[in-house]
Amino acid sequence: MQDTNVLRSKHLIQYGLLAFPLAFVGLPLYMHAPEFYASELQLSLVNLGTALLVLRLIDAIQDPWIGSLSDRYSENRLAIMLLGAGLLAAGFWLLFHPSESAPMLHFSLAVFLSTTGFSVMSINFQSLGGLWQCSPAERTRITGWREGIGLLGLIVAAALPTWLSQNYSPAGGFHLLTLIFLPLLALGFLSFWLWFRKVKLSPVSNTNNLPSSWQSINTSWAKSFFGIYLINNVAAAIPGVLVLFFIKDHLQAEQWIGLFLLLYFMSGVLGMPLWQRLSKVHGKTVVWFWSMLLAVLVFGWAFTLKEGDVVPFAIICVLSGLALGADLALPPAILADNIHQSNTQHLSSRAFSLMNFFTKSSLALATGISLPVLGFLGYQPGVASGASTEPLTLMYALVPSIIKLLAVIWLWRFITRR
């Protein structure tokens with residue numbers, strides 16, 4: 001039987017491996033697919049952008065509903081996960097094998113199936129990790145392994161399409177990408193199934209007459225936690241939306257983009273053990289507070305950078321990557337702790353579906369805030385560096401620091417009231 005105090009690394013790997021294909025699928029889905037349909041099938045960017053906006057809204061809105069159904073039918077978790085895997089696999093295959101007769105409809109259907117399948121899998125994947133019986137300190141290891149392996153999947157997903165595009169036609173390269181992804185998804189699910197059969201999960205009861213997802217967070221703790229989480233994620237998402245513009249136009253360092261992204265994501269992976277050790281000694285919430293302060297200081301520094309400041313920005317990528325690792329590992333572990341302390345295991349999928357909802361909403365808010373404001377301030381992508389990129393620097397570095405500082409203040413009040 002699984003020791004409830006110390007988790008075996010074997011089981012952590014078995015559980016976490018599913019994060020690799022789930023993270024892998026994101027970049028092809030949201031970055032490469034629209035460009036593929038625009039360049040290869042000559043679809044209008046306006047039509048593609050409109051379709052993606054509607055599909056992302058549907059994707060975010062349906063998450064609480066998926067969480068509610070998953071809790072209601074919690075005895076069928078594995079079947080629900082298998083359904084999600086089937087939807088994701090079918091949607092991803094369809095996405096890069098388009099219909100020439102109705103490409104826009106085909107694109108919309110493929111993205112809908114992919115995002116719905118992804119949501120079903122990720123919500124239950126996180127929920128079951130939160131139900132894993134262990135000590136509070138070990139929950140940070142669970143999220144650390146899961147998010148660290150996920151970052152590795154993201155790194156591979158960032159590099160692989162570039163290599164395929166250099167050796168194959170776009171259609172041929174994405175066909176191979178699909179053939180690579182499907183076995184990865186199957187192996188990840190098999191590993192998860194082996195984990196599910198062996199570990200001990202907290203029992204789930206009271207699944208009848210459950211409250212809605214929004215009613216389930218109608219507590220002072222949940223309102224504060226999810227409010228801090230949303231503000232913090234908006235602050236993190238704005239630089240994510242604008243980083244390529246900042247590197248190309250302000251730093252004039254387009255040739256270093258690959259290295260910057262590698263430093264950022266690898267720092268997130270390698271920093272996971274640091275946050276785990278610190279949280280064991282000082283507590284997860286306090287350490288999350290420290291990581292937010294680090295991010296505020298880092299992006300305050302980024303505001304001072306000038307053209308050609310490659311080395312300072314590389315250091316900023318490392319430090320902000322460390323803060324990313326904390327943002328990925330600590331909030332899910334804090335939420336899992338609260339689920340166990342409040343004896344609300346029967347609402348776990350609702351809780352994690354709301355975390356997904358706020359993550360997706362923060363990205364939509366970041367895009368909806370940063371790009372229109374930059375346009376209003378007169379920034380145009382591709383312009384020379386200097387004074388013409390001051391609005392970009394303001395929005396990339398200073399605005400996120402201010403927003404993050406609001407989250408820091410709220411989190412400090414949250415800690416001191418407890």
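Structure: above.
Remember, it's a predicted structure, so these values are computed and weren't measured experimentally.

The rules behind the values
Residues numbered from 1 in each chain as written. Predicted model: local features only at pLDDT ≥ 70, side-chain atom pairs only at ≥ 80, totals over all residues. Heavy atoms only, no water. Core = buried A, V, L, I, M, F, W, Y, C linked by side-chain atoms within 4.5 Å. Buried < 20%, exposed > 50% of the residue type's maximum accessible area, 1.4 Å probe, protein only. Helix = DSSP H or I, 4+ residues; strand = E, 2+ residues; numbered from the N terminus. Contact = heavy atoms within 4.5 Å. Patch = residues over 30% accessible without salt bridge, like charges linked within 9 Å, V, L, I, M, F, W, Y side chains within 5 Å. Areas by Shrake-Rupley, 256 points an atom, 1.4 Å probe, with all protein chains shown as cover. Salt bridge = Lys/Arg side-chain N within 4 Å of Asp/Glu carboxyl O. Phe/Tyr/Trp six-rings, centres within 6.5 Å; stacked < 30°, edge-to-face > 60°. 1 Å grid on protein atoms, 1.4 Å probe; cavity = no way out; pocket = protein on both sides within 12 Å on 5 of 7 lines; lining within 4 Å. Points joined across faces, edges and corners; volume = space filled by probe spheres on them. Nonpolar A, V, L, I, M, F, W, Y, C, P; charged D, E, K, R; others polar. Expected span 1.5 Å × (residues − 1). Axes fitted to C-alpha atoms, helices over the stretch in contact; angles between N-to-C directions. Parallel < 35°, antiparallel > 145°, perpendicular 65-115°, else oblique. Left-handed = near helix turned anticlockwise from the far one by under 90°.

I tried to follow the nonpolar core on my own but got confused; where do I start?
Nonpolar side chains tend to gather and get buried jointly when the protein is soluble and globular. Membership of the largest hydrophobic core comes to 55 residues, with the highest contact counts inside it found for L95, F107, M121, F125, W132 and F192. The biggest single contributor to this core is helix α7 (residues 136-167), with eight residues. If we skip the residues at most four places from it in the chain, L95 touches L29, A33, Y37, H106, F107, A110 and V111. Counting residues in hydrophobic clusters, the runner-up holds 31 residues, among them I228, F289, L322 and I334.

What should I look at first to understand a nonpolar patch on the surface in this one?
A grouping of F303, L365, I369, V373, F376, L377 and L394 is seen on the molecular surface, where their side chains present a nonpolar patch of about 610 Å² in accessible area. The element that contributes the greatest number of residues to the nonpolar patch is helix α13 (residues 348-376), accounting for four residues. Structurally, F376 can be placed in helix α13. Taking relative accessible area as the criterion, F376 reaches 73% and is therefore assigned exposed.

Looking at this model, I keep getting lost on the environment of L184. Mind explaining?
The residue L184 is located in helix α8 (residues 170-198) in this model. Separated by 71 residues in the primary sequence, L184 and Q255 have C-alpha atoms spaced 31 Å apart.

I would appreciate a short explanation of the packing of aromatic side chains in the present structure.
Counted by the stated rule, this structure contains 28 aromatic pairs. Ring centres 4.9 Å apart and planes at 80° place the aromatic pair F260 and F313 in the edge-to-face group. With F260 in helix α10 (residues 257-282) and F313 in helix α12 (residues 310-341), the pair connects residues that are 53 residues apart, well separated along the chain. Taken individually, F260 and F313 each receive the classification buried, so the pair is uniform in this respect. The rings of W221, F225, F226, Y229, W288, F357, F358 and F414 are connected pair by pair, giving a single aromatic cluster.

Would you mind showing me how to read empty space enclosed by the protein here?
Over the atoms, a rolling probe the size of a water molecule traces out where space has been left empty. Enumeration according to the criterion identifies one cavity of 30 Å³ or more in this entry. What the largest cavity holds in volume is close to 50 Å³. Lining the largest cavity, in full, are Q126, G129, G130, R139, I142, T143, R146, P332, A333, A336 and F352. At the level of secondary structure, the elements contributing two or more residues to the lining of the largest cavity comprise α6 (103-131), α7 and α12. Tallying contributions element by element places α7 first for the lining of the largest cavity, with four residues. Its residues assigned to classes, the lining of the largest cavity shows five nonpolar, four polar and two charged.

For this particular structure, what's the right way to read α13?
For an α-helix the count is 3.6 residues per turn, leaving residues at separations of three or four pointing the same way. For α13, which comprises 29 residues, the first-to-last C-alpha distance of 42 Å matches the rise-based estimate of 42 Å (1.5 Å per residue) to within 8%. Backbone geometry just after α13 places G378 at a positive phi near 95°.

Can you walk me through the packing of α10 against α12 in this structure?
Two quantities define a packed helix pair, namely the angle between the helix axes and the distance between the axes. Contact geometry for α10 and α12: axes closest at 6 Å, N-to-C directions at 45°. Comparing their axes, α12 and α10 come out oblique. α10 and α12 meet at a crossing whose hand is right-handed. Across the contact of α10 with α12, the residue classes tally to 18 nonpolar, seven polar and no charged.

Would you explain the environment of W275 in this entry?
Inspection of the secondary structure assignment puts W275 in helix α10. By relative accessible area, which is 5% here, W275 ends up buried. Measuring from C-alpha to C-alpha, the distance between W275 and A323 comes to 9.3 Å, with 48 residues separating the pair along the chain. What W275 contacts, discounting residues up to four positions off in sequence, is V287, S291, L322, A323, G325 and A326.

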